[in-house]
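The primary structure of each chain is shown beneath.
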Amino acid sequence: MKKTGFIFDLDGVIVDTAKYHYLAWRKLANELGFEFTQGQNEQFKGVSRKRCLEILLEIGNIKASQEQFNRWLIEKNEDYLSLIEKMDESEILPDVQKVLQFLRKYHIPMALGSASKNARPILEKVNLTDYFKVIVDGTQVTKAKPDPEVFLLAAEQMGVRPKECVVFEDAVAGIEAANNAGMLSIGIGEKKVLSEAKFVFANFTEIDDKFLKRLIG
Ligand code: BG6
Ligand code: MG
């Protein structure tokens, strides 16, 4: 089937912000008196800020009032924002622009489909906003990945049928969301982690024009 719309996740696909999310969550965990490992951080990928804090408190076995919970959400985000403050184009993952430029050359509409409420300012910082016809972020969706809402909304706004869409994702929950949306899922990361994806590449340097041409027909 010819693919006429391409959707990109942001964190871990376009930019390597997963490390900054990790550092901010680790700081909070340490303040609360427990460790938070890189391994545990895997389950935070693709997951909303609120759900991440719920998981973190489960890990630390900590109960909190609604008010305290909200304060920690704000604190984590403030720490995250200060970590990404100086972000620039140098933090775009390898060969992302190559793929975006290829698709633009063939007039294929592109969308961003991210769980992050910080997606727009990050795209601005790295100067990639102009590539995207549509941006769907954490401020617009009510159901988190693996629910397909974010990708279905992106397809609808691009005016492309879901089965004609391709999704690039680095998170297990994101691959599931793409599959649930009836889209072609492409994992960016490790095959053993993203086993449900239709194709998996370590990063965009492994994706060549031949492969993209095959997708767009
Ligand atoms: C996703 C990240 O893209 O966005 C998650 O993979 C993160 O780790 C989520 O929790 C929400 O991000 P934000 O910027 O709204 O806290
Ligand atoms: Mg991601």
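Conventions used here
- Residues numbered from 1 in each chain as written.
- Chains lettered and ligands numbered in written order.
- Predicted model: local features only at pLDDT ≥ 70, side-chain atom pairs only at ≥ 80, totals over all residues.
- Heavy atoms only, no water.
- Donors = N, O, S within 2.8 Å, 3.2 Å for Na, K, Ca; no water.
- Near = heavy atom within 4 Å.
- Polar contact = N/O pair within 3.5 Å; in protein donor to acceptor, adjacent residues only side chain to side chain.
- Areas by Shrake-Rupley, 256 points an atom, 1.4 Å probe, with all protein chains shown as cover.
- Domains from an automatic or database assignment.
- Pairing = 2+ DSSP bridges.
- Helix = DSSP H or I, 4+ residues; strand = E, 2+ residues; numbered from the N terminus.
- Axes fitted to C-alpha atoms, helices over the stretch in contact; angles between N-to-C directions.
- Contact = heavy atoms within 4.5 Å.

Student: It is not clear to me how the coordination of the magnesium ion (ligand 2) should be interpreted in this structure. Could you clarify?
Tutor: Ideal donor angles around a metal are set by the shape: a four-donor tetrahedron calls for 109.5 degrees, a six-donor octahedron for 90 or 180 degrees. Coordination of the magnesium ion (ligand 2) by the protein is provided by Asp9 (OD), Asp11 (O) and Asp170 (OD), with metal-donor distances spanning 2.0 to 2.2 Å. One chain supplies every donor for the magnesium ion (ligand 2), spaced along it as D-x1-D-x158-D.

Student: When you look at the site of ligand 1 in this model, what are you seeing that I'm missing?
Tutor: Neighbouring ligand 1 are 14 residues, the closest being Asp11, Val47, Ser116, Lys117 and Asn118. Measuring from an oxygen atom of ligand 1, one finds a side-chain N or O atom of Arg49 at 2.7 Å. A total of 400 Å² of accessible area belongs to ligand 1 in isolation, and the protein chains cover 97% of it. For the shell around ligand 1, the domains that each give at least three residues are domain 1 (5-16 + 89-216) and domain 2 (18-84).

Student: In this structure, what is going on with the sheet that holds strand S2 (residues 110-113)? I would like to understand it.
Tutor: As a general point, the strands of a sheet are linked pairwise by backbone hydrogen bonds and lie either parallel or antiparallel. In space, the six strands of this open sheet follow the order S3-S2-S1-S4-S5-S6, with parallel pairing throughout. Looking at the sheet topology across the chains shown, the edges are occupied by strand S3 (134-136) and strand S6 (199-201). Shown here is a sheet whose adjacent strand axes are inclined to one another by a mean of 20 degrees, direction ignored. As paired elements, strand S4 (residues 165-169) and strand S5 (residues 184-188) share four bridges and run parallel to each other. When the bridges of S5 are listed, Phe168 appears paired with Ile186.

Student: Got a minute to help me understand the side chain of Thr129 in this structure?
Tutor: Considering the arrangement of structural elements, one finds Thr129 in the loop between helix H6 (119-125) and S3. At a separation of 3.0 Å, a polar atom in the side chain of Thr129 contacts the side chain of Glu124. Beyond its immediate sequence surroundings of up to four residues, Thr129 is in contact with Leu123, Glu124 and Ile135.

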